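# Observations on chain architecture
Next come the chains, spelled out residue by residue.
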Amino acid sequence: MRVRHVKKGDTVVVVSGKYRGKTGRVIAVFPKRFRVLVEGVNVVKKAVRPSEENPQGGFREQEAPIHAAKVRVLCPQCGRPVRVKRKVLDDGTKVRICNHCGAALDS
Ligand SMILES: [Zn+2]
C-alpha cells in the first residue's frame, strides 16, 4: 500500500486514535510501513546512552510514526481535514485536490 494522500511538509489532522483532532506538519512518510511522522504527535521518550555530547545519557523526546490512515490533509481553503482527489493537468502534472471544495493542495 502506498501513502498517496499526504506527503512531507503537509499540514495534517489526526482523525482517529489517541491524538484525534491534533494538527501538525508531516516530517516524514514511510511508505513501506504505511506510516507517517507528524510534528508534535505521538511524542515518546527515548532512552539515550551516555555520549561525549551528553555524558549523563537520559531521555530524549521524539515523534514516533503513526498509521497513515489516521491522518487527513488540512485543506487551506475549507480549513478542515479532507479527503483528497487526484487530477492530471493538461501538461501531465498530477495534483491533489480537496474532495470537498476542489481547491488545489499542491502548488
Ligand atoms: Zn477544501
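Let me sum up the structure you'll find in this document. Everything numeric here is computed off the predicted structure, so don't read it as measured data. (Residues numbered from 1 in each chain as written. Predicted model: local features only at pLDDT ≥ 70, side-chain atom pairs only at ≥ 80, totals over all residues. Heavy atoms only, no water.)

So, about the sheet that holds strand E3 (residues 35-38). As a general point, the strands of a sheet are linked pairwise by backbone hydrogen bonds and lie either parallel or antiparallel. In space, the 6 strands of this open sheet follow the order E6-E3-E2-E1-E7-E8, with antiparallel pairing throughout. Sheet topology places strand E6 (66-67) and strand E8 (81-82) at the edges, where each strand pairs with a single neighbour. (Pairing = 2+ DSSP bridges. Helix = DSSP H or I, 4+ residues; strand = E, 2+ residues; numbered from the N terminus.)

Metal coordination angles in their ideal form are 109.5 degrees for the four-donor tetrahedron and 90 or 180 degrees for the six-donor octahedron. Distances from the zinc ion to its protein donors, Cys75 (SG), Cys78 (SG), Cys98 (SG) and Cys101 (SG), fall within 2.2 to 2.3 Å. Geometry at the zinc ion is tetrahedral, judged from the 4 donor atoms that bind it and their angles of 101 to 117° at the metal. Look at where the donors of the zinc ion fall in the sequence and you get C-x2-C-x19-C-x2-C. Of this pair, Cys78 sits in the loop between strand E7 (71-74) and E8 while Cys101 sits in the segment after strand E10 (94-98); the two residues are 23 residues apart in sequence, bridging distant segments of the chain. Note on Cys101: relative accessible area 37%, which makes it partly exposed. (Donors = N, O, S within 2.8 Å, 3.2 Å for Na, K, Ca; no water. Tetrahedral: all angles 85-135°; square planar, octahedral: opposite > 155°, others 65-115°. Buried < 20%, exposed > 50% of the residue type's maximum accessible area, 1.4 Å probe, protein only.)

Here we come to the side chain of Asp10. Topologically, Asp10 is positioned in the segment before strand E1 (11-14). For Asp10, the side chain forms a polar contact with the side chain of Arg96, separated by 2.9 Å. Sequence-distant contacts of Asp10, defined by excluding residues within four places in its chain, comprise His5, Gly24, Arg25, Val26, Val73 and Arg96. (Polar contact = N/O pair within 3.5 Å; in protein donor to acceptor, adjacent residues only side chain to side chain. Contact = heavy atoms within 4.5 Å.)

It is worth spelling out the pairing of E1 at this point. Relative to strand E2 (residues 23-30), E1 runs antiparallel, the two being bridged by 3 bridges. Counterpart to Thr11 in the pairing with E2 is Arg25. Examined bridge by bridge, E1 and E7 share 3 bridges and lie antiparallel to one another. Opposite Val14, over in E7, you have Val71 as the bridge partner.

Grouped together as the largest cluster of nonpolar side chains are 19 residues, with contacts concentrated most on Val6, Val36, Val38, Ile66 and Val71. Of all elements in the fold, only E1, E3 and E7 reach the threshold of two or more residues within this core. Each residue touching Ile66, except ones within four places of it in the same chain, is listed here: Val14, Phe34, Arg35, Val36, Val38, Val41, Asn42 and Val71. (Core = buried A, V, L, I, M, F, W, Y, C linked by side-chain atoms within 4.5 Å.)

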